[in-house]
Amino acid sequence: MLWYPALLGVLAGSVSGLIPGVGNFVLMLLLYPFLGSLSINELIIFYSSMATISQYIGSIPATLYGIPGESSSYPTVLESSKLSTVKQVGDAISGSAFGSFIGGVIVLLLCYLLVDYLELLKYLYSTKLLTSLLVLACIAICVSSGNKLTTSLLLLITGFSLASIGYNSHYSVPILTFNNMYLYAGLPFEVVLICLFAIPQILQNWDTKSKISNLAYNIGTIYIINPIYTCFYTVIGFICGLVPGVTTILSSIAAYNISAYFTKDPVKRIIASETANNAGAFSLLLPLLLFGVPIIASEALLLNLIEQKGFVISSFDLRSLVTLLSINLLIVNIIGLFIAWPLSKYVKYFYTFNLNTIFSILITLLVAVVLYNGYLNYSLIYNLIVFTILLPIGYMLRKVNTLPLIFAFIINDKLIDNLLRLPHIL
Amino acid sequence: MKNTIMAVTAALMFSSAANSTELTILNSGSKTGSFSMTSIAYYTDVLKEYDQINLVNPGSRCVALGSLLPRISGPVLMPWASDYEADGRNGGCVTFDIAKGKLLRYNKEPVSVCQLKDTIDVINDSGKIGHTVPATGPLSKASGYINDSFGTKHTNVVYDGQGDTRLALLSGEIDYALLTKEHAAYVVENGGTCNYDMSDDSDKSLHVIDPSNPNLVFSFDNVWLALNMTDAEADSLKAILMAKHDDCNSASAKYTGCGSLLDIVWSITDEEGLSSWELAVESQR
């Protein structure tokens with residue numbers, strides 16, 4: 001057990017999971033000088049521990065307050081408003097923690113046992129398969145969102161439209177950029193998500209959550225769903241975690257939408273999405289380790305760090321690394337289970353103030369994220385302008401489920417890329 | 001409201017801190033591509049050489065050059081590529097006159113033709129050739145040039161980045177992939193081969209097989225520029241980067257296989273660089 005990088009990963013993942021908008025990339029950049037002193041194995045353990053723990057922690061503010069600590073917690077945010085009793089909150093917390101644990105452990109176990117066959121995952125990177133997966137997810141999300149179908153379709157189209165703004169690198173053409181260079185990169189991801197999803201959800205939860213504001217949920221019992229469903233959501237999460245760019249976000253959204261066909265119970269839906277995103281938290285690492293391909297920005301940073309240490313795929317002993325990872329992540333998952341379940345009583349003190357005060361602080365925090373990201377990218381004014389324009393729209397959308405819009409916004413580039421390629425593959 | 005004011009104040013404080021940055025590395029490429037990887041490597045390597053260093057990675061050349069660069073008043077280290085410039089001159093979002101900066105390094109990256117199956121040959125067997133975006137860019141013409149020379153009927157399949165192209169090759173979705181040397185090395189590590197390239201003089205060169213077709217010579221020319229710097233500052237940075245590339249334990253050298261994957265020219269004059277650059281850009285338009 002490499003406890004030192006694992007512990008560092010647990011701490012970093014906790015910060016990443018608790019604070020909305022502070023992702024793994026930003027944290028790794030802040031820790032960059034320090035991370036340079038770690039070996040390849042330590043770096044991979046650190047990264048996988050951070051990715052795992054952020055998924056565990058992210059579910060707590062999402063369940064208690066409807067705040068997406070992690071970007072993959074959006075389905076949990078949606079369902080949290082439907083938790084009407086203290087028991088349901090307790091069940092959702094313990095069930096998510098346990099489901100995440102089981103999901104994470106199943107993936108580790110399977111990867112350990114099937115390490116010689118992991119290379120076969122390359123066949124999942126097929127244009128046909130990815131296109132089918134994304135189209136199916138769009139259909140599922142429209143049908144199961146709880147909105148009228150026409151509303152969901154409109155939201156989906158709006159999401160695709162917003163995401164299309166910018167420079168289309170496929171055809172080298174600007175779309176709705178009006179010669180404004182900022183618009184060439186498209187609308188800032190975090191601003192769209194905050195204005196059109198996070199803030200509407202907070203506003204939606206403002207009244208609902210006050211019913212259970214004492215947070216006196218019971219952590220004494222574990223809520224367990226049918227093991228077959230747990231395995232099923234794990235597989236969904238694992239596969240979706242391999243999709244470049246969307247990874248755990250797609251894992252949780254896909255599992256959430258599929259769960260909507262089986263149950264109307266918000267607790268079970270939350271557990272489905274949280275189980276899946278933990279399974280995806282490990283699988284997102286596999287393309288990097290197997291093929292040297294980073295599929296999210298924080299992985300590019302990780303790849304750079306491990307290449308400095310002499311990482312070469314052909315001379316890389318995957319079996320010993322998977323063994324090492326499995327042992328470490330098993331312990332990290334146990335830590336995650338305890339943080340997200342019994343210790344959530346303490347984690348929640350992070351938020352134990354008057355609910356309105358908490359929501360005000362969180363909205364302020366979200367605004368600060370917009371400003372900070374704007375500052376980091378020399379786009380402070382631009383971010384503020386987009387925020388100012390989108391915020392009233394988010395306010396107007398506070399009574400609908402905006403997940404179709406956000407989902408379309410997130411997957412647009414990947415879907416278009418695959419759709420444009422499809423005729424050349426068939 | 002009070003909280004909002006505090007958040008705004010904090011952000012403004014951060015903004016004022018940004019003014020003291022002594023070197024900004026501005027990546028003009030994608031967030032996961034080779035420019036990004038090199039930018040991160042340089043960030044690591046020169047971290048201790050500067051009091052404050054800032055890595056800006058917008059993931060879009062349009063934003064990097066169109067909106068961010070004009071706002072950065074301090075010293076900047078930035079990469080720029082001939083295919084980006086060619087795209088810009090063809091009506092794309094940005095062009096950049098490299099003569100405005102001080103040329104620190106120049107490298108040509110000839111494209112390799114890689115494959116996984118050992119039963120096919122790109123000059124004899126038609127198939128799907130994968131390459132990176134744009135769909136109408138210079139690489140899309142490369143397969144046409146191969147068809148012209150060897151009578152094949154290859155078709156193009158376009159991917160968003162060389163990483164995706166590699167994966168497609170490994171999964172069998174395409175038969176051949178046009179990749180630069182760093183990416184070709186990964187294919188070889190995964191059991192593939194890169195039997196041909198589009199350089200003008202190597203023993204694998206398609207142009208050597210068919211010298212009558214000048215279009216079979218194709219390379220991405222990349223420059224790294226020092227902007228907003230005095231000659232002394234630029235020379236100092238160049239010396240640091242050269243030393244780092246010579247040190248096989250540095251991040252920069254690791255990324256380039258300690259020089260084996262990339263032939264960087266450091267001694268090129270501005271005039272020579274500009275001349276070579278213009279040839280590359282115009283050939284890719």
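Scroll up for the structure.
Residues numbered from 1 in each chain as written. Chains lettered and ligands numbered in written order. Predicted model: local features only at pLDDT ≥ 70, side-chain atom pairs only at ≥ 80, totals over all residues.

J.: Is there a simple way to explain the overall build of chain B in this structure?
T.: Within chain B, the regular secondary structure consists of 11 helices and 11 strands. Here chain B has a C-alpha radius of gyration of 21 Å; the compact-globule value for 285 residues is 19 Å, and the two agree. Overall, chain B is about 70 × 45 × 40 Å in size when its C-alpha atoms are taken along their principal axes. In chain B, which comprises 285 residues, the share counted as buried stands at 52%. Nonlocal contacts in chain B, meaning residues at least 24 apart in sequence, comprise 72% of its contacts between residues at least 6 apart. (Helix = DSSP H or I, 4+ residues; strand = E, 2+ residues; numbered from the N terminus. Rg over C-alpha atoms; globule rule 2.2 N^0.38 Å. Buried ≥ 20, exposed ≤ 12 C-beta atoms within 10 Å, placed from the backbone. Contact = placed C-beta atoms within 7 Å.)

J.: Just checking my understanding: could you explain the overall build of chain A for this structure?
T.: Secondary structure summary: chain A contains 20 helices and 2 strands in total. Buried positions account for 59% of the 426 residues belonging to chain A. Pairs at least 24 apart in sequence give 80% of the contacts found in chain A among residues at least 6 apart.

J.: So what exactly am I meant to see when it comes to helix α4 (residues 82–89) of chain B here?
T.: Each turn of an α-helix holds 3.6 residues, which means side chains three or four residues apart point in the same direction. Residue and element names in this part refer to chain B. In terms of residue burial, α4 counts as a mostly covered element, since 7 of its 8 residues are buried. Among all positions of α4, only S82, D83, Y84, E85, A86, D87 and G88 are buried. As for α4, its buried residues are in contact with α3 (61–68), β3 (76–81), α5 (138–150), β10 (219–227) and α11 (270–284). Taken from the residues just after α4, G91 is the one with a positive phi, measuring 105°.

J.: Teacher, can you tell me more about the interface of chain A and chain B here?
T.: When the parts of a complex come together, some accessible area is lost, and that lost area is often used as the size of the interface. At the junction of the two partners, chain A supplies 48 residues and chain B supplies 55 residues. At the level of elements, α3 (32–35), α9 (181–184), α15 (297–308), α18 (355–376) and α20 (403–425) of chain A are the ones that each hand at least two residues to the side of chain A that touches chain B. Residue composition of the side of chain A that touches chain B, by class: 29 nonpolar, 15 polar and 4 charged. (Nonpolar A, V, L, I, M, F, W, Y, C, P; charged D, E, K, R; others polar.)

J.: I keep staring at the packing of helix α11 (residues 227–240) of chain A against helix α12 (residues 247–262) of chain A and nothing clicks. Help me out?
T.: Helices that pack against each other are described as a pair by the angle of their axes relative to one another and the distance between those axes. All names here are of chain A. At a closest axis distance of 8 Å, the pairing of α11 and α12 adopts a crossing angle of 145°. Considering only the axes of α11 and α12, their crossing is right-handed. Counted together, Y233, I236, G237 and C240 of α11 and L250, S251, A254, A255 and I258 of α12 form the full contact between these two elements. Among the residues forming the contact of α11 with α12, the class breakdown is 7 nonpolar, 2 polar and no charged. (Axes fitted to C-alpha atoms, helices over the stretch in contact; angles between N-to-C directions. Left-handed = near helix turned anticlockwise from the far one by under 90°.)

J.: Would you mind going over the environment of Y395(A) with me for this structure?
T.: Residues and elements named next belong to chain A. Within the element layout of this structure, Y395 appears in helix α19 (residues 380–396). By C-beta crowding, Y395 is classed as exposed, having 12 other C-beta atoms within 10 Å. Sequence separation between Y395 and E299 is 96 residues; the distance between their C-alpha atoms is 34 Å.

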